[in-house]
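# Results of the structural survey
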Amino acid sequence: MQKKYKKFLTTAATATLVASAIVPAASAASFSDTAGNTHERAIDSLVSQGIISGYPDGTFKPNRTLTRSDVVKLLGKYLVSKGYKIPSDYKTNMRFSDLRSTSQDELLQYAALVKDNGVFNGSNGNLLPGDPITRENMAVVLVRAYTNINNFDFLGHVMDQDFKEDVIDYNRAKAEARSAIRVLDYYNVTGVPNFNPKGNTTRGQFSSFLYKLLQVEVPGEGLKAVEVVDASTLKVTLTDNTEHTVKLDTPLETGKETPVKFKINGKEYGTSVTYNVALTVKSAEATAANKLKVTLSDNSEHAVTLENNLPENEETTVEFKIDGKDYSAKVTYVVTEVKVASVKALNAGQIEVKFNQRVDLPASLTSAQLANYVSVSGVDNNAVTLSRGQLSEDGRTLTISTNGASALTGRYLVKVNNVKNTAGTTVTPYDDVVNFGTDTVAPTLISTVNRDAKTVRVTFSEPLRAFSNSSITFRLANGTNVTGITGEIAAGATYADFDLSKAMVNGQPLGANTSVTATFAGLRDIAGNFSTPNPLTTSFAMGGADGVKPTLTSISQTGPKTFRLAFSERIQKPAIGDLELRLGNLANAITSIEAVPGDDRSFIVTATNDLNGVYNIGTASGKTITDISGETNTFTTTHSFTLDTAAPEVTSTSVTREGNFEYLNITLNKPVDLVTASRVTASGNYVKGGVTHTFNGTATSLEYRENGNRTVVRVKLDALLGSGDAADATYNVTLSFTEVDSAYGVNTANKAVTFQRTSDYSNNENVLDAPTVTTSATDPKLTNNQVRLKFNHVVDATTASVASNYSIPNARITNAQVPSDALDTVILTLAPNETTASGERNLTITGVKAKDSVASQGNLTAVVNLNENIRPTLNSARFISANQIELTFSENVSGLAADAFELVNSAGASVGIASVTGSTTDYKAVVTLSANQPGGTIVTVKKGTGIAKVVDEAGNAVVDTFDNIRPTLGTN
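Criteria and thresholds
- Residues numbered from 1 in each chain as written.
- Predicted model: local features only at pLDDT ≥ 70, side-chain atom pairs only at ≥ 80, totals over all residues.
- Heavy atoms only, no water.
- Helix = DSSP H or I, 4+ residues; strand = E, 2+ residues; numbered from the N terminus.
- Buried < 20%, exposed > 50% of the residue type's maximum accessible area, 1.4 Å probe, protein only.
- Contact = heavy atoms within 4.5 Å.
- Salt bridge = Lys/Arg side-chain N within 4 Å of Asp/Glu carboxyl O.
- Pairing = 2+ DSSP bridges.
- Axes fitted to C-alpha atoms, helices over the stretch in contact; angles between N-to-C directions.
- Core = buried A, V, L, I, M, F, W, Y, C linked by side-chain atoms within 4.5 Å.
- Parallel < 35°, antiparallel > 145°, perpendicular 65-115°, else oblique.
- Left-handed = near helix turned anticlockwise from the far one by under 90°.
- Nonpolar A, V, L, I, M, F, W, Y, C, P; charged D, E, K, R; others polar.
- Phe/Tyr/Trp six-rings, centres within 6.5 Å; stacked < 30°, edge-to-face > 60°.

The subject of this paragraph is the overall build of the protein chain. Looking only at helices and strands, the protein chain features 11 helices and 61 strands. For the C-alpha atoms alone, the extent of the protein chain along its principal axes is close to 125 × 120 × 85 Å. Expressed as a percentage of its 972 residues, the buried residues of the protein chain come to 42%. Restricting to contacts in the protein chain with at least 6 residues of sequence separation, those with at least 24 account for 61%.

The omega angle of the peptide bond from Thr532 to Pro533 is 0°, so this bond is cis rather than trans. Note on placement: Pro533 falls in the loop between β25 (515-520) and β26 (536-541). Between Asn534 and the following residue, Pro535, the backbone shows a cis peptide bond with an omega angle of 5°. Position of Pro535 relative to the elements: it lies in the loop between β25 and β26. The phi dihedral of Asn313 is positive, around 55°, even though this residue is not glycine. Among the structural elements, Asn313 can be located in the loop between β8 (301-305) and β9 (315-322).

Evaluation of the coordinates by the stated rule reveals 34 salt bridges. Here Arg172 and Asp169 are joined by a salt bridge, their closest N and O atoms 4.0 Å apart. Assessed through its relative accessible area of 6%, Asp169 is described here as buried. In this structure, a network of salt bridges that share partners links the residues Arg451, Arg457, Asp497 and Asp600.

Once that is clear, we can look at the sheet that holds β25. Sheet strands pair via backbone hydrogen bonds, and the direction of the pair is either parallel or antiparallel. Spatially, the three strands line up as an open sheet ordered β21-β25-β26, and their pairing is antiparallel. Edge positions in the sheet fall to β21 (472-475) and β26, since each of these pairs with one other strand and no more. Geometrically, the sheet is characterised by an average inter-axis angle of 20° between neighbouring strands, direction not taken into account.

Leu75, Phe120 and Phe206 are the most contacted members of the largest nonpolar core, which has 57 residues in total. Taken together, the elements giving at least two residues each to this core come down to α2 (40-48), α3 (68-81), α4 (105-116), α5 (135-150), α6 (154-159), α7 (175-186) and α8 (203-213). Counting residues per element, this core draws most heavily on α5, which supplies eight residues. Apart from the residues lying within four places of it in its own chain, the contact partners of Phe120 are Arg68, Val71, Val72, Phe96, Val114, Lys115, Leu127, Ile133, Val141 and Arg144. By size, the runner-up hydrophobic cluster in this structure holds 27 residues, among which are Val343, Ile351, Val376 and Val419.

Before going further, it helps to spend a moment on the pairing of strand β32 (residues 599-607). Summarising the sheet, strand β28 (residues 562-567) and β32 pair through five bridges and their orientation is antiparallel. By the bridge assignment for β32, Leu565 is matched with Phe603. Pairing of strand β31 (residues 590-596) with β32 involves six bridges; the strand directions are antiparallel. What sits directly across from Ile590, in β32, is Ala607.

This paragraph deals with the packing of α3 against α5. Where α3 contacts α5, the axes come no closer than 12 Å and their chain directions differ by 15°. Here α3 is positioned roughly parallel relative to α5, judged by the angle of their axes. Here the hand of the crossing between α3 and α5 comes out right-handed. Along its contact with α3, which presents Arg68, Val71, Leu75, Tyr78 and Leu79, the element α5 presents Asn137, Val141, Leu142, Ala145, Tyr146 and Ile149. The class makeup of the residues in the contact of α3 with α5 is nine nonpolar, one polar and one charged.

Before going further, it helps to examine the sheet that holds strand β57 (residues 910-911). An order of β57-β56-β60 is seen for the three strands of this open sheet, with the pairing classed as antiparallel. At either end of the open sheet lies a strand with only one pairing partner, and these are β57 and β60 (939-943). Bridging between strand β56 (residues 901-905) and β57 involves two bridges; their strand directions are antiparallel. Bridge pairing links Leu903 to Val911 in β57.

As a further point, take the pairing of strand β12 (residues 350-355). When you tally the buried positions in β12, you get five out of six residues, the bulk of the element. As defined by bridge partners, strand β11 (residues 340-347) adjoins β12 across six bridges and the pair is classed as antiparallel. When the bridges of β12 are listed, Lys344 appears paired with Glu352. The hairpin turn running from β11 into β12, its antiparallel successor, is two residues long.

What follows concerns the packing of aromatic side chains. With the rule as written, the count across this model stands at 23 aromatic pairs. Note on Phe31 and Phe60: the rings are 5.4 Å apart at their centroids and 50° apart in plane angle, and the pair reads as tilted. With Phe31 in the loop between α1 (12-22) and α2 and Phe60 in the loop between α2 and α3, the pair connects residues that are 29 residues apart, well separated along the chain. Overall, Phe31 belongs to the buried group, its relative accessible area being 10%.

A few words on the environment of Val713. By the secondary structure assignment, Val713 is in strand β43 (residues 712-716). Val713 gets classed as buried once you look at its relative accessible area, which sits at 0%. For the pair Val713 and Leu668, spaced 45 residues apart in sequence, the C-alpha to C-alpha distance is 8.2 Å. Val713 has contacts with Leu664, Asn665, Ile666, Val672, Leu674, Leu702, Glu703, Tyr704 and Arg705, leaving out every residue within four places of it along the chain.

Another point: the side chain of Ser207. Here Ser207 lies in helix α8. For Ser207, a relative accessible area of 0% gives the class buried. The contact partners of Ser207, leaving out residues within four places of it in the chain, are Ala42, Ile43, Leu46, Ile52 and Phe60.

Put into structure tokens, the structure is as follows:
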């Protein structure tokens, strides 16, 4: 596909002709409304040639819609400028049916000219001079005009060209116009994706179209294409397809269209070119989450606003525009604060915690380890139990699985504490209520993989409810049952491993490579969503002998009497008698062989005596090792064992905080065994306030910092330092170890270390008890819409002020507030007019804790005695005599008096009230008037000054607006 046509001129004569069309003359009109307009250059050029003109008021009106008569005149003037003559019979021979000899003379002249030259044919014989000209018709007449003037078939020429089209809405144009629009597209007269064929044409648009069309060269006259190589070099292609390199005498200015002349083989050519330097991004810096400071290769600086926020501390490729041009760059939005970026539920059994930086956590965390960092307590539901965590490879995403006992749904209080990044900076504690929503996504099958010849792992898209083996059917393709396959899905698991080693079909072992279909009917995720499809099926086969024998790959000593054997593939666990260990002719009896957790290709072998010297290790006579597919092999090798008598050494120390306490973490160069008597003692000095103090600490027990890692131990600093414990001090001490031995029984060497101690937090373990509850039933200062809770400790205002942390059946709580003068108290506000019955009911409190407490806080319940809070209403009123009106309420009320109401007649005068008496049985009251009223009297009931005293039995004030309560006294 060719590039689109590039404008150029062919000969010196043509250059002069076209230059007059494209370069504004000195006498070109200057209009008051074209400065800065996108069509300004085109307008000035055409005006200078007399093709187009402005209005008497000094304006051009570039945005005014062009009529068909305007186009006829403009094209007529253009033809006249090219030497065409006005037909002599223009006034006697009407070219269009809707023109008369009395029509405007100028219009008649140019109408005859454009019609006779095939430029403007009209519509069904009519010119329709007052109608707007559409963009598609404008394209047609322009191409016709240029075709006739140049006597060249532009339509046919362009149809033969293969080029990249810019216009994408050709099909919206009428058939006649499509080829004309294609010509304008090819010659870059238009370059917009949406040409908008049916849209009207403005004066400014027409000027630009005609201006650009005048620059199009008629093919076959010399130049075919001109490309700017650099500021002084052109690559020129002639119409005979020969290519030429042209050096310019004067370098081109960047970004400026410049007329140029040059010679090729003695012949002069001219054209107009623009030298555009391709700018690149020199640097890009993220100054905010969606802001960039970009420097381009020309050293210009630009502020860029991105559509989306950048992730924090993560290199990201972004795309953006500067001055309409596309650029891209890799940037990192650096945020020094280490924090939790987001928390969400992946499904009903997994929570994702994203950090904005890489954090220092184990790749896999047990439930006990997770408890040091993350807690999830229910707001709308009970708390969930976290069973394990998995840190992503980039160290920024922690995926937490629950035990699968209950689904994650609704709101939970999520806390993340004590996490550090890899530089040792503590992550800002996260403490927020997160709405996990409800998991409605069905679980699906992800994969079925043969882990070895006898084991198949079936993996699902999310954690599942427990699904026993008895609920799974295994069948051959012909429907025959397969028995003996073991394996089940544990609660919260995402996969199940099935053992086919004892699979049977009709009493015979399952043959290798025989396809088995497993059907899981009623499989559900933790939220209760059934699998899709349901039942879910998958197929697998037990492998046969794979033709590859297992081999021993390595031996490594792990202790004075232990070593690890690693094999090329998974093998069946050898029996003690399958292997032998000899030092020369002396046997060192093997006492145990155990699998290595997490490594199904290795085993730990334990010998009777210490391993020291060159041993022969191999399969015993007549014995083999066997892989899972049944392939067997033997092996024999030698290995040099040594007793490691070197003491473990401290390689580094660091201080970290967990909960309220600071710990000293001690990293060693080899694993050590901690026993009940393992101790460490610190002695030396500390510097505080410029004063040095000496001290002798106490022997303190140690613990492993994390399970499974025996090279890092830790000790609580307050216990280690004893009487020498001082906040905000620098310590220079020697650590002495007792019974912190290597696997070879060698005690850890003493080590001088320096560390900074800050302080432990005060140990606030306050737990809230059920509060004392007060309502309007016992305290008249409270309204029926208020409940006061008084706790045994000052409450955490953040959690205590969340209305959704409290619930009362059939009473909606809209607000919870901790008074500034009573920080152990919470005032609950109930929605008015919603508590329909008085009496006792349970109040449930979740997620509210004592201020600054680190203790676990359970849910609380208390009994609350509420009064109903439905306000009574006045439902109707009627005259029962000339001086009495009967009022009917929604319920019995009290506090009725003459000042409770005001009556106004239709003339706007007050009607006197003598008394108001009520009933306690039928919701009614009688208003006795001061005087009899004449027949036909209409009164309006309004509230009086004493209306606030009118209340129901629960003390709720009557609604004091009485819309449309207008009793009328009959006329009879």
